[in-house]
Amino acid sequence: MKRRLVFMIYGFISSLDDETTKVFFRSKKIRGNNIYNAGSLGELTSVLQSGDVVYTVSCNRFASVRQAYTFARFCHESGIVLHFVAEPYLDIGNGKQWRPAVAKVIASMVESEQKAKGMMAQGFKMSDSQWEYAYRCFELMNLDILAHMISADGVLKRGS
């Protein structure tokens, strides 16, 4: 496999994105064929190489906190820069890592997703489609919490 000498810039979007996101991506010189949607995260992962840069508007573009955590860990281990426009405290790469408090919160959120799914599965009888819907609701709620519980400087917000 031939190694490219120039790093590439990619965008990661979901159905939450609109023309404003595309304008932002164009300002970062991201070409249309380098924009991957949430359903094709595996394809994006397969083309990324050390030195590449990935932009996403928010952590809520991922399917779950677990998926965002796994992708960020992949980027960190592979030397890929990952920018979260709305949550700069989640940025990875170029020597930047999550603060220990942020990493701890995210790890506990990943664990809570798994525990909650297990507990729900033991306590309720539902069809597969009902389970899928219930899990998705929980994952979206967890992503929204992650997007709002830490201030831009990476400090956990205190309740009022």
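Located above this text is the structure these notes cover.
Report follows, based on the coordinates. Bear in mind that the values here come from a model prediction, so they are computed numbers and not experimental data.

Brief notes about helix α5 (residues 128-149)
Because an α-helix packs 3.6 residues into every turn, residues spaced three or four apart end up facing the same way. Taking 1.5 Å as the rise per residue, α5 with 22 residues should run 32 Å; its terminal C-alpha atoms sit 31 Å apart, in good agreement. Burial in α5 covers these residues: Trp131, Ala134, Phe138, Glu139, Asn142, Leu143, Leu146 and Ala147. If you follow the buried residues of α5, they end up packed against α3 (65-78) and α4 (100-123).

Quick look at the nonpolar core
Within soluble globular proteins, side chains that are nonpolar tend to cluster in buried spots. Ranked by size, the top nonpolar core spans 30 residues in total, and within it Leu44, Val54, Phe71, Leu82, Leu90 and Ile106 carry the most contacts. For this core, the secondary structure elements donating two or more residues are β1 (9-13), α2 (41-47), α3, β4 (81-84), α4 and α5. Filtering out sequence-adjacent residues up to four positions away, Leu90 remains in contact with Cys59, Phe84, Trp98, Val102, Ile106 and Leu146. Membership of the second largest hydrophobic core comes to 6 residues, among which are Ile13, Phe25, Ile30 and Tyr55.

Considerations on the pairing of strand β3 (residues 53-56)
Here β3 shows a buried face lined by Val53 and Tyr55 and a second buried face lined by Val54 and Thr56. Here β1 runs beside β3; their pairing, made up of 4 bridges, is parallel. Its bridge partner being in β3, Tyr10 is matched across the sheet by Val54. Across 4 bridges, β3 lies against β4 in parallel orientation. Counterpart to Val54 in the pairing with β4 is Leu82. On the question of chirality, the crossover connecting β3 to the parallel β4 by way of α3 is right-handed.

Some words on the packing of α4 against α5
Put simply, α4 and α5 touch, their axes get as near as 11 Å, and they point 160° apart. The orientation of α4 relative to α5 falls into the category roughly antiparallel. In the packing of α4 onto α5, the handedness of the crossing is right-handed. In this structure, α4 contributes Val105, Ile106, Met109, Ser112, Glu113, Ala116, Lys117, Met120 and Ala121 to the contact, and α5 contributes Trp131, Ala134, Tyr135, Phe138, Glu139, Asn142, Ile145, Leu146 and Met149.

Side note on the packing of aromatic side chains
Taken as a whole and judged by the stated rule, the model has 10 aromatic pairs. One aromatic cluster is present, formed by Phe12, Phe62, Phe71, Phe74 and Phe84 through successive ring pairs. If you follow Lys117 out to its NZ or CZ, it ends over the ring of Tyr135, 5.3 Å from the centre.

Side note on the sheet that holds strand β2 (residues 35-37)
In space, the 4 strands of this open sheet follow the order β2-β1-β3-β4, with parallel pairing throughout. For this open sheet the edge positions go to β2 and β4, each flanked by a neighbour on one side alone. For this sheet, the mean angle separating the axes of adjacent strands, direction not counted, is 25°. Running at roughly 170° to β1, helix α1 (residues 19-27) makes contact with β1, β2 and β3 of the sheet.

Cut-offs used in this document
- Residues numbered from 1 in each chain as written.
- Predicted model: local features only at pLDDT ≥ 70, side-chain atom pairs only at ≥ 80, totals over all residues.
- Heavy atoms only, no water.
- Helix = DSSP H or I, 4+ residues; strand = E, 2+ residues; numbered from the N terminus.
- Expected span 1.5 Å × (residues − 1).
- Buried < 20%, exposed > 50% of the residue type's maximum accessible area, 1.4 Å probe, protein only.
- Contact = heavy atoms within 4.5 Å.
- Core = buried A, V, L, I, M, F, W, Y, C linked by side-chain atoms within 4.5 Å.
- Pairing = 2+ DSSP bridges.
- Right-handed = clockwise from strand over helix to strand, strands pointing away.
- Axes fitted to C-alpha atoms, helices over the stretch in contact; angles between N-to-C directions.
- Parallel < 35°, antiparallel > 145°, perpendicular 65-115°, else oblique.
- Left-handed = near helix turned anticlockwise from the far one by under 90°.
- Phe/Tyr/Trp six-rings, centres within 6.5 Å; stacked < 30°, edge-to-face > 60°.
- Lys NZ or Arg CZ within 6 Å of the ring centre and 35° of its normal.

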